[in-house]
Amino acid sequence: MKKIDFRTASFKDFEHIAGMDIMERARYFRTYLDYLAKRRRLNYRLESSSPCGPEMRILLPGHQRPKKLITMVSNDYLGFTQHPEIIRANITAMNQYGTGSGASPAIGGHFAYHQLLEDRIAAFYGREHALLYTTGYTANSATLQCLLGKDDIAILDMAVHASVYEGCQLTNVKRVLHNNMDMLNNVLKQAQHSYRTKLVVVDGVYSQDGDLAPLHEITHMAHHYGAYVLMDDAHGTGVVGATGRGVAELTHTLPDIDIITGTFSKSLAHLGGYVVADDDLIQYLKYQSRQHLFSTSAGPSTLGIVRALELIDEEPQWRTKLWENIDHLTYGLLGLGLDIGTTGSAIVPVKIGDIAKTLEAGKQLLRAGVYANPIMYPAVAKKDARIRLNVMATHTQAQLDRVLEAFASVKHRVLR
Ligand code: PMP
C-alpha cells in the first residue's frame, strides 16, 4: 500500500485507499488527524459556548477555557438568529404545536405551519408553489436526483455546492469553467439534440468566492438551446437585491429561472431548504422525491422562518447595515493590498494561494482574536487556498477594524 504524505495530504486523499477496508482506513485517517492536531492545524469543529454572533466564546485546541473571538465564520448574515421577534415566534409555535411533526409529509406530517411557509417562500419570489426539505443540502441533492436520470444531462458551473454534485450522481454531468459563458454556450450547443432533459445548474452567490452568476446571460442562453435553469441562491437570499430576493432580483431574472432552490439556514436563521418552481414540477417532487416522501418534516419552530421572511421586508435596515459593513471591510482589505477577488456579497475571500501560508494565516488570525476559516482543496483548487470572511449586519465597525489590523499583521508576517 502506498503511504500518504501527511505534509501535503487533504481529507479527500482518504476517501479511497486501495486494499484498505473501512476500519483500516478510519484508523489510518485517525493518525492523520492526530498529526494535524499536534501541529495545531486542526482548527475545525471549534466549540462555541456562546450564541451565534459577531463575537463568540470559542474553545481553542489545547486551551482549558474558551476565548472571546471576533467571528467571521457565520452565514447568519442579518443577525436574525438573535432577533427577539424570531425567537418569540419559535417559542410561540412550540407552545402551540409542541416540538416535532411526528411523520413525513405525505402520511401525517404536513401541518398548517408547513403550508404557510411553502406559500410564503413561493410568494417571496413572486411565485405560487414551493416545497420544503429539511436541509438546503437535500433541497438540491434530492431535487436533482429526482428530476434527472441516465438519459438527461446536468450542466454545472464547476463552483456549485457539493449537494449539487451529489444530486447528479445518476445522470450525465458536464462541468463548465466557473462563470465561463463561451464554454457554457458550446456545451449547450453540443448537448442540444442528445439528451431528454438538459438542466443548467448554477449558484446565485458562489460560496467560496462570494461572486455572482450572470443570470441574464445564463437564462437566455439555456432557453435558447432548450435547456432549463436551476439556481441555488443559498447565500444571496436576504443579502442581495433591493428587497433581498437575491441575485435573480438584482439581475431582473426572477420570472426566467425555472427552479429556485435555497436554504433557511443562512439569512433566515433556522434550518431547512426549499424548492420554488411551477405547480406541475412541485406536485411531481411532492410525490416522487424520496427524501421529501420518506423523511419526517421539520418541527413547529418552522414558524420562526415565516417571521424572518416578514422581517426581511419590515426591517430593511439590517440589509443596509450589512452592506455598510461589507463596504467597510472590503475597502480596508483592498487598502492593505490584499486580493479579494470579485465578491458581490457578504462572503469575502482573502486569496492567498499557497496552502501552508493559508493555514499559518488562519493560526495567526486566531492568535490575534479573529476566527476566520482557511479554505483549501478539495473545497477550492489546490492553488486557490484562501481565508474566507463572512460579514454580518451585527458586526460593529470597531470589530471589523480589529479584523483589518489582524490582516495587516498577517500580511507583514506571513504573506511577504
Ligand atoms: N447551497 C450552498 C451554496 C451552500 O453554501 C450550502 C451550505 N453551506 C447549502 C446549499 C446547503 O444548505 P444547508 O446548510 O441548509 O444544508
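Scroll up to find the structure.
Position labels on residues start from 1 in each chain and follow its written sequence. Residue-level local features of this predicted model are given only where pLDDT is at least 70; pairs of side-chain atoms are given and counted only at 80 or more, and the full residue set underlies all totals for whole chains, interfaces and linings. As a convention, hydrogens and water are excluded, and side-chain values are obtained from all of the structure's heavy atoms.

J.: Hey, could you run me through the site of the ligand in this one?
T.: A cutoff of 4 Å decides nearness: a residue is near a molecule or strand if any of its heavy atoms lies inside that distance of it. Around the ligand lies a shell of 13 residues, among which Tyr137, Asp232, His235, Thr263 and Lys266 are the nearest. For the purposes of these results, a polar contact is taken to be a pair of N or O atoms within 3.5 Å, where, inside protein, one atom must be able to donate a hydrogen and its partner to accept one; residues adjacent in sequence count only when each atom of the pair is a side-chain atom. A distance of 3.0 Å separates an oxygen atom of the ligand from a polar atom in the backbone of Gly136. In the environment of the ligand, a nitrogen atom lies 2.7 Å from a nitrogen or oxygen atom belonging to the side chain of Lys266. If the ligand stood free it would expose 390 Å²; the protein chains cover 83% of that surface. Per the convention used, a helix needs a DSSP run of H or I reaching at least four residues, while a strand needs a run of E reaching at least two, with both numbered from the N terminus. Sorting elements by how many residues they give to the shell around the ligand places helix α4 (residues 136–147) first, with 3 residues. The residue classification treats Ala, Val, Leu, Ile, Met, Phe, Trp, Tyr, Cys and Pro as nonpolar and Asp, Glu, Lys and Arg as charged. All others, Gly included, are polar. The residue makeup of the shell around the ligand, split by class, is 2 nonpolar, 8 polar and 3 charged. To be clear on the numbers: accessible area is Shrake-Rupley with a 1.4 Å probe, and residue cover counts the displayed protein chains and nothing else.

J.: Looking at this structure, how should I read the nonpolar core?
T.: Buried Ala, Val, Leu, Ile, Met, Phe, Trp, Tyr and Cys residues form a nonpolar core when they are joined through side-chain atoms within 4.5 Å. For every residue, the accessible area obtained with a 1.4 Å probe (protein chains only) is divided by the maximum for its type, and the residue is called buried under 20%, exposed over 50%, and partly exposed between those limits. In terms of nonpolar packing, the biggest core is built from 99 residues, with Val200, Leu329, Leu333 and Leu389 touching the most fellow members. A contact between two residues is defined here by any heavy atoms of the two lying within 4.5 Å. Once residues within four sequence positions are removed from consideration, Leu333 is found in contact with Leu338, Ile340, Val348, Val350, Leu389, Leu404 and Phe407.

J.: Can you walk me through the environment of Ile121 in this structure?
T.: Looking at the element boundaries, Ile121 is found in helix α3 (residues 112–124). A C-alpha to C-alpha distance of 9.9 Å links Ile121 and Gly262, two positions 141 residues apart in sequence. Excluding residues that lie within four positions of it along the chain, Ile121 makes contacts with Ala130, Phe264, Tyr274, Val276 and Leu309.

J.: How should the packing of α3 against helix α11 (residues 303–314) be read in this particular structure?
T.: Helix packing for two helices is described by the angle between their axes and how far apart those axes are. Angles shown run from 0 to 180 degrees and are taken between the N-to-C directions of axes, each axis being a line fitted to C-alpha atoms and, for helices, limited to the stretch in contact. Viewed as axis vectors pointing N to C, α3 and α11 meet at an angle of 25°, and their least axial separation amounts to 9 Å. When the axes of α3 and α11 are compared, the pair comes out roughly parallel. Judged by the twist between their axes, the crossing of α3 over α11 is left-handed. Where α3 abuts α11, its residues Tyr113, Leu116, Leu117, Arg120, Ile121 and Phe124 lie against Leu303, Ile305, Val306, Leu309, Glu310 and Ile312. To sort the angles, those under 35 degrees are grouped as roughly parallel, those over 145 as roughly antiparallel, those from 65 to 115 as roughly perpendicular, and the leftovers as oblique. What makes a crossing left-handed is the near helix being turned counterclockwise from the far one by less than a right angle; a clockwise turn instead makes it right-handed.

J.: I'm lost on empty space enclosed by the protein in this one. Help?
T.: The rolling of a water-molecule-sized probe over the atoms marks out the regions of remaining empty space. Throughout, the protein atoms alone are placed on a 1 Å grid, and a set of points is a cavity if a 1.4 Å probe fits but cannot get out or a pocket if it is open with protein on both sides within 12 Å along at least five of seven lines; lining residues have an atom within 4 Å of a point. Grid points are joined across faces, edges and corners, and a volume is the space filled by probe spheres set on the points. Counted under the stated rule, the structure contains 2 cavities of 30 Å³ or more. A volume near 60 Å³ is recorded for the largest cavity. Forming the boundary of the largest cavity are Ile155, Leu156, Asp157, Val176, Leu177, Asn179, Asn180, Met181, Leu184, Val200, Val202 and Ile218. Secondary structure elements with two or more residues in the lining of the largest cavity: β5 (153–157), α6 (181–191) and β7 (198–203).

J.: Any chance you could explain the sheet that holds strand β13 (residues 373–375) here in plain terms?
T.: Adjacent strands of a sheet form backbone hydrogen bonds with each other and so pair up, either parallel or antiparallel. Paired strands, in this sense, are two strands between which DSSP finds at least two bridges. In space, the 3 strands of this open sheet follow the order β11-β14-β13, with antiparallel pairing throughout. Strand pairing shows two members of the sheet lacking a second neighbour, β11 (347–353) and β13, which therefore form its edges. On average, each strand axis in the sheet is inclined to that of its neighbour by 30°, with strand direction left out of account. Against the sheet, helix α12 (residues 317–335) makes contact with β11 and β14 (385–390), and its axis sits at roughly 20° relative to β11, the strand it touches most.

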